[in-house]
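Report on the structure
Here is what each chain is made of, one letter per residue.
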Amino acid sequence: MDISRDALAALLGGEYISDEVINSFFDLLQERSSTSRALPRIKILDSFLFQSFQNRGPAALVWRQKNLDFKNLDFILVPYHASKHWSLVVADLRTPALMYLDSKHFSPASCLAKFKTILQHLLPDEDISRWPSWPVAVPLQQNEVDCGPFTCVFAEAVSRRASIVFSQNLAISTNLRVVLKDILLTGRAVPMSSGEFSQAPLHVLYPPLQPQPVAPQSSCPAVADNPNCTVQIAPATLASMREYVERNLNRRRVLPFAFYPLNCSKRVRLYPREAAEILRSARR
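Now for a description of the structure that goes with this document. (Residues numbered from 1 in each chain as written. Predicted model: local features only at pLDDT ≥ 70, side-chain atom pairs only at ≥ 80, totals over all residues. Heavy atoms only, no water.)

1. Notes on unusual backbone geometry
A cis amide bond, omega -15°, links T95 with the succeeding residue P96. Relative to the helices and strands, P96 is located in the loop between β3 (86-92) and β4 (97-101). In this model, H105 sits at a positive phi of 55°, which is unusual for a non-glycine residue. Inspection of the secondary structure assignment puts H105 in the loop between β4 and α4 (109-122). Of note in the backbone geometry, R161 takes a positive phi value of approximately 50° without being a glycine. Relative to the elements of secondary structure, R161 occurs in the loop between α5 (147-159) and α6 (173-186). (Helix = DSSP H or I, 4+ residues; strand = E, 2+ residues; numbered from the N terminus.)

2. Quick word on the packing of aromatic side chains
In the structure shown here, the tally under the stated rule is seven aromatic pairs. Here F50 and F115 contribute two aromatic rings whose centre-to-centre distance is 6.3 Å and whose plane-to-plane angle is 50°, an arrangement assigned as tilted. Placement of the pair is F50 in helix α3 (residues 49-56) and F115 in helix α4, with a sequence separation of 65 residues. Across the pair, F115 and F50 agree in class, each one buried. Ring centres of Y244 and F257 lie 5.5 Å apart, and the angle between their planes is 45°; this geometry places the pair in the tilted category. Separated by 13 residues along the polypeptide, Y244 in helix α8 (residues 235-248) and F257 in strand β8 (residues 257-259) bring together distant segments of the chain. Considered together, Y244 and F257 belong to a single accessibility category, that of buried residues. An aromatic cluster is defined as three or more aromatic residues linked by ring pairs; in this entry it consists of F50, Y80 and F115. (Phe/Tyr/Trp six-rings, centres within 6.5 Å; stacked < 30°, edge-to-face > 60°. Buried < 20%, exposed > 50% of the residue type's maximum accessible area, 1.4 Å probe, protein only.)

3. Remarks on the pairing of β3
Within β3, seven of the seven residues are buried, leaving the element largely enclosed by the surrounding structure. As paired strands, strand β2 (residues 75-81) and β3 are joined by seven bridges and run antiparallel to one another. Its bridge partner lying in β3, F75 is registered against D92. Once β2 ends, the chain turns through four residues before running back antiparallel as β3, passing S83 with a positive phi of about 55°. Across five bridges, the pairing between β3 and β4 is antiparallel. In the sheet register, L88 faces β4, and the bridge partner there is L101. (Pairing = 2+ DSSP bridges.)

In short, the description is geometric, and any link to function would need to be established separately.
The following block contains the structure:
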């Protein structure tokens, strides 16, 4: 497989990885599925899908769905790129259900809303709005740049309906990137997760992320428009919020802490005292 030197250099240099790397890896997953009767039938949609659909509407789907028989598919997998962050969205056409896999546990609301609109055009006989959807409890990346490699691990596991289990070797960022490089250069997709194929129900195989619900006071910007709502915040976000408050609570001029609640597509920005109020609510 032809990969540019710049793309490989970014991969091995610990930088954000490009669409070239992501799409090349996903193409190998497509090829593996197409040549093996033992694996689920999958369809990979490229990383440019969401931007293309936003610009061109349903016309962007014409060539992507050409000669595609959805009745014979198990999964549709799409890498999602937004704000320099990679994640994975999956449609299980058998259950049916939608899943969002994100190594930073960001809110799935925006991505899933866009994906549902696209799927409704691809599957006009289905009522996609009724399909269950959830963010999956996946391993967290340990730095700011490994979202791409983690997304590849998630996709590789889902493409063979295997549980997502990181080996001790792949838990190390440099090792994960070398394995990904070897796969790209050999042109052959091999298991990256040590998880095995399973017929378990989807919500058991890929369990939902359990958010920490908090109900802050109505003065908090997170619920200013709806004081009776409960904000759902991922555990990793709460941990980052605690660090932010500890560093900045007694400082005068600081940047706000920004995050997406799991049950809201609107970005929330909090200053230290407001974030401290959220954390007090979480401890109650």
